[in-house]
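Chains, contacts and geometry: an overview
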Amino acid sequence: MTTSDSRHKASVPPPSDVAAVAPRDMANALRALAMDAVEAAKSGHPGMPMGMADVATVLFSRHLKFSASHPDWPDRDRFILSAGHGSMLLYGLLYLTGFPEMDIGEIKRFRQLDSKTPGHPEYGAAPGIETTTGPLGQGLGNAVGMAIAEAHLRAVFGPEIVDHRTYVIAGDGCLMEGISHEAIALAGHLRLNRLIVLFDDNSISIDGPTSLAVSDDVRARFAASGWATDAVDGHDAEAVDAAIARAKQSDRPSLIACRTTIAYGAPTKQGTAAAHGSPLGPAEITSTRVRLGWPSPPFEIPPPNLAAWRSVGRRGDPIHDAWKRRLAAQPAATRAEFSRRIAGELPPSSASAIAEAKSEFAALHAKQEKLATRRASQLVLERITAAIPELLGGSADLTGSNLTQTKNLTAITAANFAGRYLFYGVREHGMGAAMNGIALHGGVIPYGGTFLVFTDYMRPSMRLAALMGLRVIYVMTHDSIGLGEDGPTHQPVEHLAALRAIPNLLVLRPADGVETAECWAIALSERRRPSVLALTRQNVAPLRTSADAENRAARGAYEIAPAQGPAKVTLLATGSEVAIAFTAKQRLDAEGIAARVVSVPSHELFAAQDEAYRTAVLGPGTVKVAIEAGIRMAWDRFIGADGSFVGMVGFGASAPYETLYQHFGITPDAVVTEAKLGLARSG
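From a predicted model like this one, the values you see are computed outputs, not experimental measurements.

1. Quick notes on the pattern of salt bridges
- Tallied over the full model, the rule gives 37 salt bridges.
- Where Asp241 meets Arg62, a salt bridge forms, and the shortest distance between an N and an O atom there is 3.1 Å. Of this pair, Asp241 sits in helix H11 (residues 237-247) while Arg62 sits in helix H4 (residues 47-63); the two residues are 179 residues apart in sequence, bridging distant segments of the chain. Comparing Asp241 with Arg62, the two get one shared label, buried.
- Where salt bridges share partners, they join Glu150, Arg154, Asp163 and Arg194 into one cluster.

2. Thoughts on the sheet that holds strand S12 (residues 473-477)
- One open sheet accounts for 6 strands, arranged S10-S9-S11-S12-S14-S13; its pairing is parallel. For this open sheet the edge positions go to strand S10 (421-423) and strand S13 (506-508), each flanked by a neighbour on one side alone. Across the sheet, the mean angle from the axis of one strand to that of its neighbour is 20 degrees, orientation sign disregarded.
- One ladder, built from 3 bridges, connects strand S9 (residues 391-395) with strand S11 (residues 445-451); its direction is parallel. Within S11, the position partnered with Ser395 by the bridge is Gly449.

3. Side note on the nonpolar core
- Within the largest apolar cluster, 133 residues are counted, with the highest numbers of intra-cluster contacts made by Phe79 and Tyr474.
- The element best represented in this core is helix H3 (residues 23-41), accounting for 11 residues.
- Ignoring any residue separated from it by four or fewer positions in sequence, one finds Phe79 in contact with Leu59, Phe60, Leu64, Leu90, Leu93, Glu130, Tyr167 and Ile169.
- Within the second largest apolar cluster, 48 residues are counted, among which are Val569, Ala584, Val671 and Val672.

4. Here's the deal with the layout of surface pockets
- What the largest pocket holds in volume is close to 750 Å³.
- Taken together, 31 residues form the lining of the largest pocket, with Tyr123, Ile342, Ala439, Leu440 and Gly442 sitting closest to its centre.
- Of all the secondary-structure elements, those providing two or more residues to the lining of the largest pocket are helix H15 (332-343), helix H19 (428-441) and S11.
- When grouped by side-chain class, the residues that make up the lining of the largest pocket number 15 nonpolar, 7 polar and 9 charged.
- Its volume calculated, the second largest pocket comes out at about 390 Å³.
- In terms of lining residues, the second largest pocket is bounded by 17 residues, among which Ser576, Ala579, Ile580, Tyr657 and Tyr661 are the most central.
- Those elements that provide at least two residues to the lining of the second largest pocket are strand S15 (539-540), helix H23 (577-590) and helix H27 (657-663).

5. Some remarks on the packing of aromatic side chains
- Evaluation of the coordinates by the stated rule reveals 15 aromatic pairs.
- Among the aromatic residues, those joined into a ring-pair cluster are Phe60, Phe66, Phe79 and Phe99.
- The cationic tip of Arg310 hangs over the ring face of Tyr95; the distance from NZ or CZ to the ring centre is 5.2 Å.
- Against the face of Tyr613 rests Arg555, its NZ or CZ located 3.7 Å from the ring centre.

6. Focus: H15
- Along its 12 residues, H15 runs 16 Å from first to last C-alpha, staying within 8% of the 16 Å computed at 1.5 Å per residue.
- Within the span of H15, buried status applies to Phe338, Arg340 and Arg341. Buried positions in H15, seen along its axis, are confined to an arc of 160 degrees and lie on one side of it.
- Contacts made by the buried residues of H15 are with helix H7 (138-157) and helix H14 (317-328).

Cut-off values and rules
- Residues numbered from 1 in each chain as written.
- Predicted model: local features only at pLDDT ≥ 70, side-chain atom pairs only at ≥ 80, totals over all residues.
- Heavy atoms only, no water.
- Salt bridge = Lys/Arg side-chain N within 4 Å of Asp/Glu carboxyl O.
- Helix = DSSP H or I, 4+ residues; strand = E, 2+ residues; numbered from the N terminus.
- Buried < 20%, exposed > 50% of the residue type's maximum accessible area, 1.4 Å probe, protein only.
- Pairing = 2+ DSSP bridges.
- Axes fitted to C-alpha atoms, helices over the stretch in contact; angles between N-to-C directions.
- Core = buried A, V, L, I, M, F, W, Y, C linked by side-chain atoms within 4.5 Å.
- Contact = heavy atoms within 4.5 Å.
- 1 Å grid on protein atoms, 1.4 Å probe; cavity = no way out; pocket = protein on both sides within 12 Å on 5 of 7 lines; lining within 4 Å.
- Points joined across faces, edges and corners; volume = space filled by probe spheres on them.
- Nonpolar A, V, L, I, M, F, W, Y, C, P; charged D, E, K, R; others polar.
- Phe/Tyr/Trp six-rings, centres within 6.5 Å; stacked < 30°, edge-to-face > 60°.
- Lys NZ or Arg CZ within 6 Å of the ring centre and 35° of its normal.
- Expected span 1.5 Å × (residues − 1).
- Arc of directions from axis to C-beta.

The following block contains the structure:
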């Protein structure tokens with residue numbers, strides 16, 4: 001065990017201010033804030049914060065390594081409230097310990113517009129909120145990713161710089177959700193021994209007793225996945241303290257089942273579903289104050305109690321200062337590299353890696369060599385994973401299909417966290433949540449692959465990545481009926497439209513190798529939103545034969561083939577269908593109908609351009625035909641209601657892809673026909 005590890009062997013003695021106030025009295029401050037804030041808002045969930053107040057008090061006052069005045073300290077312990085409906089527990093902790101921006105006014109504004117205390121914790125709303133939770137189980141999945149990121153960075157930089165834990169409070173609902181199975185299995189497999197889950201075992205859900213719906217042996221389930229498990233009375237501070245101390249010495253991730261009473265202290269509502277998602281009511285709150293021995297009026301904390309909590313918020317200051325000294329003692333190159341990664345800045349070599357990839361593809365295209373864009377992506381990854389050491393890849397059991405692993409990436413295992421490639425197994429949802437946690441932790445840029453159709457399994461995590469504004473990169477291959485014989489179960493039809501409907505999610509569908517390199521550059525540059533790279537299984541025709549210095553895909557759409565003379569038709573397409581547009585243009589040109597081709601790798605980027613650019617690219621006064629092997633939805637804003645669309649109107653089928661394109665009428669002939677019909681309609 002390293003010297004660094006020994007700092008976590010047992011609880012830290014509480015400061016004198018804390019020792020002067022009983023743990024139960026400190027916990028009651030959390031209970032009072034929770035019931036008063038929910039009552040003031042006339043909505044919320046008071047029961048969970050009141051039930052877990054004792055556990056949270058022990059965790060924050062004796063174990064959690066943090067400094068309220070340095071909320072972004074890279075080596076802080078992470079605390080995740082997976083049971084996000086109990087958000088007032090987190091907000092109460094942040095206020096009481098003195099986190100910046102979380103004053104009593106924000107507690108009073110719970111669930112109000114533009115407050116820092118929204119109904120469920122939102123990443124970025126206030127310092128100390130590590131992730132957005134509320135959709136149950138997501139926080140647990142995020143925590144697995146955070147623990148992976150910590151273990152990886154510790155292996156790279158050493159425990160003198162990276163030496164922290166991840167703590168989670170999860171409820172019955174978190175553990176009922178399917179994502180929890182994926183998350184705990186992955187964590188157990190990797191033996192993430194710095195991950196500790198505090199299970200709020202109160203046996204109550206919204207509908208009533210959890211026995212209505214579940215009879216799992218939770219501890220046995222975790223143990224079967226390779227976790228250490230423990231059980232304590234969640235209202236016994238010393239028992240909770242001892243259990244956390246034991247967990248910190250485990251060689252496996254730990255579950256501590258904390259038997260609690262929901263809405264502890266409420267005379268008629270504790271232990272009932274009535275306290276789960278509704279205010280207690282004025283009469284019950286008055287009685288609760290008496291029962292808890294809490295005479296203070298709403299939103300007032302007795303000065304000795306508040307002083308004790310503020311002392312907890314300062315407990316980590318000397319540990320933070322010692323860490324800064326250790327960081328300063330590192331070699332200059334180590335300090336600079338660590339700081340760069342934590343800041344999320346790409347190394348200068350990343351730009352040259354992309355430029356080299358573009359040149360390589362341009363040379364291949366000049367030889368008319370065809371290449372699937374998934375293979376082009378792998379060739380880009382070979383270069384950028386060498387240039388960007390913080391890139392951490394993975395796949396949900398489809399590595400050989402997604403082509404997400406490169407020779408630069410060795411596997412992350414329980415014995416080797418210095419690796420940079422995760423075999424997530426068939427756990428798309430868990431992968432998505434873990435990648436969010438990796439991105440939230442900082443210092444690592446995650447990308448992960450599966451088939452585009454299986455974004456259905458990942459969508460909740462992808463939506464949260466977009467909501468939080470995380471740099472997470474999804475390598476989604478087999479992007480259309482072009483995957484062929486696997487048939488309609490695997491052929492995405494509505495998925496591009498569905499993903500484009502998620503705000504702040506960037507969908508990129510490159511047409512060839514050069515565009516693939518450009519799309520990777522875009523995804524890496526997007527520090528405040530996730531990106532989807534939709535890539536083909538089948539080989540595509542080479543289109544761009546020069547490696548422009550400009551990233552043409554970065555504007556979302558651009559003219560890739562101009563008209564011969566004044567244009568009458570504009571053909572807009574994405575991905576593999578851009579080649580179909582090229583062939584259709586040649587046939588129209590041969591008939592004296594001047595046509596131009598516009599590649600549209602990203603609807604989102606194109607929509608963000610100025611009106612003059614969009615108008616010029618769309619070709620004012622031309623007949624517009626869009627071509628994509630998906631549904632029409634999302635295209636009308638570019639082609640208009642009177643524009644034509646060549647694509648899918650239903651599910652696919654099982655056959656070789658060439659047959660499918662003919663069968664479903666996604667062909668150059670169909671495009672020519674639609675162009676002529678459009679010209680006829682326009683007079």
